[in-house]
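As a plain string of letters, each chain reads:
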Amino acid sequence: VVDIRKFYGQSGRFTYDPGFTSTASCESKITYIDGDEGVLLHRGYPIEQLSEQSSFMEVAYLLLRGELPTPDEHDDFVRTISRHTMVHEQLAMFYRGFRRDAHPMAIMCGVVGALSAFYHDSTDINDPAQRLIASHRLIAKMPTIAAMAYKYAVGQPFLYPDNSLSYTGNFLRMTFGVPAEQYEVNPVVEKALDRIFILHADHEQNASTSTVRLAGSSGANPFACMAAGIACLWGPAHGGANEAALNMLREIGRPERIPEFIARAKDKNDPFRLMGFGHRVYKNYDPRATVMQKTVREVLSALGVDDPVFEVALRLEELALSDDYFAEKKLFPNVDFYSGIILSAIGFPTTMFTVLFALARTVGWVAQWNEMIEDPEQKIGRPRQLYTGATTRDYIPLDKR
Ligand code: ACO
């Protein structure tokens, strides 16, 4: 019999909560989710209104500063972000060290993590002015870094940002401009991608955001913290699900094959899951998936694309939602179920999908990181464990074993 207080603190209270299903790690004023009702609010504003009526830059300002910008504040913010879109020329060398077939998320982890080596004047986390510059730099440079990862993979020259374009228009041009001067931003595509960025901007204490907060709690610089967030996001159970969902829909290929995949998802001896389905917090339809489904129709019709995968997705959703297994477990399409179809229609390869998620989520990571540092209750994050290993035993010399 052991006195548990010896191991788990003087209060004797100890919570064992694998996966943190019921443990709040912080207080936050940024994002609210009601998973039972399918509600998502940023600083109180419903995601449906933000995605329909605002822009990604407005949402970025809102998440960072707590209020929607006035027209002057908005223009000033956009100008500030535009000023930081260039990356140091030396950074281009980093890309050249990667294989051409490297996954762009691997490149993102490395390049974003390396930014602290270039921007020494924004790594002092105790200085609010430096934190602000780091936040602006990260939001501004992510599209440039992401577009460079794409250009490197396809073997085309890197393009410099064009700050006369919108945040999203500039990203599209840096990605698809060949040659840059002749690239014209399609307003429907620009609007759709901007909306996708809004839908991915923040989602309270998800795995990657918690990772950013945990890394930041030790005082690590913001660029290193974002690299940690990118690494966590890459997993197929999190941001990597958008890539996995489209790959799955393509593998299913035609509506007649859906029952076979639904049966596999229900089979406990098969590790297969319906990608883009289910969520830790939403036990109802993910409100972002509703907006995403509508956006798919708009983009496909504007681009004149007839992608049979959309038909498969709609039918899969219909069949899954009328199946007892999914109803009992409250599994609904999440944000990643439809996003891949839009991104693919725009021309992004599947390997870029999670990169786009990281680009958008940088805004949330940065906002949450700042909130954590400003929180007077902030401590280094240090979970405890329930030890189940060997009890004390004596060492046996190597020649006696
Ligand atoms: N297909 C089939 N069964 C599923 C699925 C799915 N997509 N998701 C969950 N289940 C089942 C599980 O097998 C489990 O069944 P059990 O109770 O009989 O063991 C039950 O539903 C609960 O699932 P958990 O994994 O315990 O739920 P958790 O909250 O830990 O996981 C997660 C949530 C990771 C999102 C899960 O639903 C999943 O793997 N989905 C597919 C991947 C995906 O789409 N991820 C994107 C999430 S959204 C985002 O990150 C932006």
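Let me begin by describing the structure that accompanies this report. (Residues numbered from 1 in each chain as written. Predicted model: local features only at pLDDT ≥ 70, side-chain atom pairs only at ≥ 80, totals over all residues.)

Brief notes about the overall build of the protein chain
Then, in step 1: In terms of regular secondary structure, the protein chain is built from 18 helices and three strands.
Then, in step 2: Whereas a compact globule of 401 residues would reach a radius of gyration of roughly 21 Å, the protein chain reaches 23 Å, a difference of no more than 12%.
Then, in step 3: Its C-alpha atoms give the protein chain principal-axis dimensions of roughly 75 × 55 × 50 Å.
Then, in step 4: Counting across all 401 residues of the protein chain, residues that qualify as buried make up 42%.
Then, in step 5: Residue pairs in contact within the protein chain that sit at least 24 positions apart in sequence constitute 75% of those at least 6 positions apart. (Helix = DSSP H or I, 4+ residues; strand = E, 2+ residues; numbered from the N terminus. Rg over C-alpha atoms; globule rule 2.2 N^0.38 Å. Buried ≥ 20, exposed ≤ 12 C-beta atoms within 10 Å, placed from the backbone. Contact = placed C-beta atoms within 7 Å.)

Considerations on the packing of helix α6 (residues 104-114) against helix α7 (residues 128-154)
Between two packed helices, both the angle of their axes relative to each other and the distance between the axes serve to describe the pair.
Then, in step 1: The contact between α6 and α7 brings their axes to 10 Å, and the two run at 135°. Classed by the angle they form, the pair α6 and α7 counts as oblique. Regarding α6 and α7, the two cross each other, and that crossing is right-handed. Residue-level inspection shows Pro104, Ile107, Met108, Val111 and Val112 of α6 in contact with α7, the latter providing Ile145, Ala146, Ala149, Tyr150 and Ala153. (Axes fitted to C-alpha atoms, helices over the stretch in contact; angles between N-to-C directions. Parallel < 35°, antiparallel > 145°, perpendicular 65-115°, else oblique. Left-handed = near helix turned anticlockwise from the far one by under 90°.)

Details of the site of the ligand
Then, in step 1: In the vicinity of the ligand lie 19 residues, with Ala241, Arg273, Phe277, Gly278 and Arg280 positioned nearest.
Then, in step 2: Of the residues in the shell around the ligand, the class split is eight nonpolar, seven polar and four charged. (Near = placed C-beta within 6 Å. Nonpolar A, V, L, I, M, F, W, Y, C, P; charged D, E, K, R; others polar.)

Remarks on the pairing of strand β2 (residues 39-42)
Then, in step 1: Covered by surrounding structure in β2 are Leu40 and His42 only, the residues Val39 and Leu41 on the alternate face being uncovered.
Then, in step 2: Between strand β1 (residues 31-34) and β2, which pair antiparallel one after the other, the connecting turn spans four residues, and Gly38 there sits at a positive phi close to 70°.
Then, in step 3: In this structure, the hairpin formed by β2 and strand β3 (residues 45-46) is closed by a connection of two residues, where Arg43 is found at a positive phi of approximately 50°. (Pairing = 2+ DSSP bridges.)

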